Amino acid sequence: PREQGIVYFERAICVVAHIWGEAWRGRQIDASAMAQQVFGLLRFFNRHQHDTKDWTAWHRVLSARGEFYDLLVSAVERHGPEAIEALREAFEQQWDGVGTGIYWPSHVRRKTILALWRVGVSREWAVQRLLALEERMLDSLDVRGRTEECHAQAEAWIALGERESLRRLLKQIL
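Below: a short report on this structure. Note that the structure is a prediction, hence the values are computed from the model and not measured.

Turning our eyes to something else, we now look at the nonpolar core. Grouped together as the largest cluster of nonpolar side chains are 49 residues, with contacts concentrated most on Val38, Phe45, Tyr69, Leu72, Val76 and Phe91. Ignoring anything within four residues of it in the chain, the contact list for Leu72 reads Val16, Ile19, Val38, Leu41, Leu42, Leu87 and Phe91.

Written out as structure tokens, the structure is:
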């Protein structure tokens, strides 16, 4: 069915709303249960093109990945630091996984790294993750794509107050 991608996305949004709603009702989800609840959400976009080629609006859904995971981080934050730590670890498993890392473009990772930092994940972790991201973020990109990635990375360094990393990136660009 052509609308299948939108239906799946709506279901995923409902899971995020459920996580948010549980916190609103005062029902804290512990770290292990949170890891189980978010597992499917973190793999939601891991689909081959041949599976989605007939889905309408799937490219629009893909373009919302960063905002989707930003909302997920906000929802999980309401369940406390242990839940955020479980979410951070779950993201890392997806990013570093042999079969899953390919589904995580640098702009989505960057947005998620900053979202996690804003809710209390250590600055050191965010810096390390951004440095690792920087090593591969320009692979297979044209000039425009490289420019956009460098701009977004520079903004991330500014957000973290990482002047030295920003200087190094700017020197690399020039």
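In this section: the packing of helix H2 (residues 31–42) against helix H6 (residues 81–96). Between H2 and H6, the shortest axis-to-axis distance is 9 Å and the interhelical angle comes to 40°. Crossing angle aside, the handedness with which H2 passes H6 is right-handed. Residues Ala31, Met34, Val38, Phe39 and Leu42 of H2 form the contact with H6, whose own contacting residues are Glu82, Ala83, Ala86, Leu87, Ala90, Phe91 and Gln94. Here the contact of H2 with H6 is composed, by residue class, of ten nonpolar, one polar and one charged.

With that settled, consider unusual backbone geometry. Although it is not a glycine, Ala57 adopts a positive phi angle of roughly 65°. By secondary structure assignment, the location of Ala57 is in the loop between helix H3 (49–52) and helix H4 (58–63). For Ala57, a relative accessible area of 22% corresponds to the partly exposed category.

If you trace the backbone, Ser165 turns up in helix H10 (residues 163–173). Look at Ser165 and you get buried, because its relative accessible area is 7%.

Attention shifts here to the packing of helix H5 (residues 65–77) against helix H7 (residues 106–118). Remark: H5 packs on H7, axes separated minimally by 9 Å, with the N-to-C direction vectors making an angle of 20°. Taken together, the axes of H5 and H7 are roughly parallel relative to one another. Handedness of the H5/H7 crossing: right-handed. Here H5 contributes Arg65, Gly66, Glu67, Tyr69, Asp70 and Val73 to the contact with H7, which in turn contributes Val108, Lys111, Thr112, Ala115 and Leu116. Tallied by class, residues from the contact of H5 with H7 come to five nonpolar, two polar and four charged.

Here is what the cut-offs are and how they apply
- Residues numbered from 1 in each chain as written.
- Predicted model: local features only at pLDDT ≥ 70, side-chain atom pairs only at ≥ 80, totals over all residues.
- Heavy atoms only, no water.
- Core = buried A, V, L, I, M, F, W, Y, C linked by side-chain atoms within 4.5 Å.
- Buried < 20%, exposed > 50% of the residue type's maximum accessible area, 1.4 Å probe, protein only.
- Contact = heavy atoms within 4.5 Å.
- Axes fitted to C-alpha atoms, helices over the stretch in contact; angles between N-to-C directions.
- Helix = DSSP H or I, 4+ residues; strand = E, 2+ residues; numbered from the N terminus.
- Left-handed = near helix turned anticlockwise from the far one by under 90°.
- Nonpolar A, V, L, I, M, F, W, Y, C, P; charged D, E, K, R; others polar.
- Parallel < 35°, antiparallel > 145°, perpendicular 65-115°, else oblique.

Function cannot be inferred from these measures alone, as they are strictly geometric.
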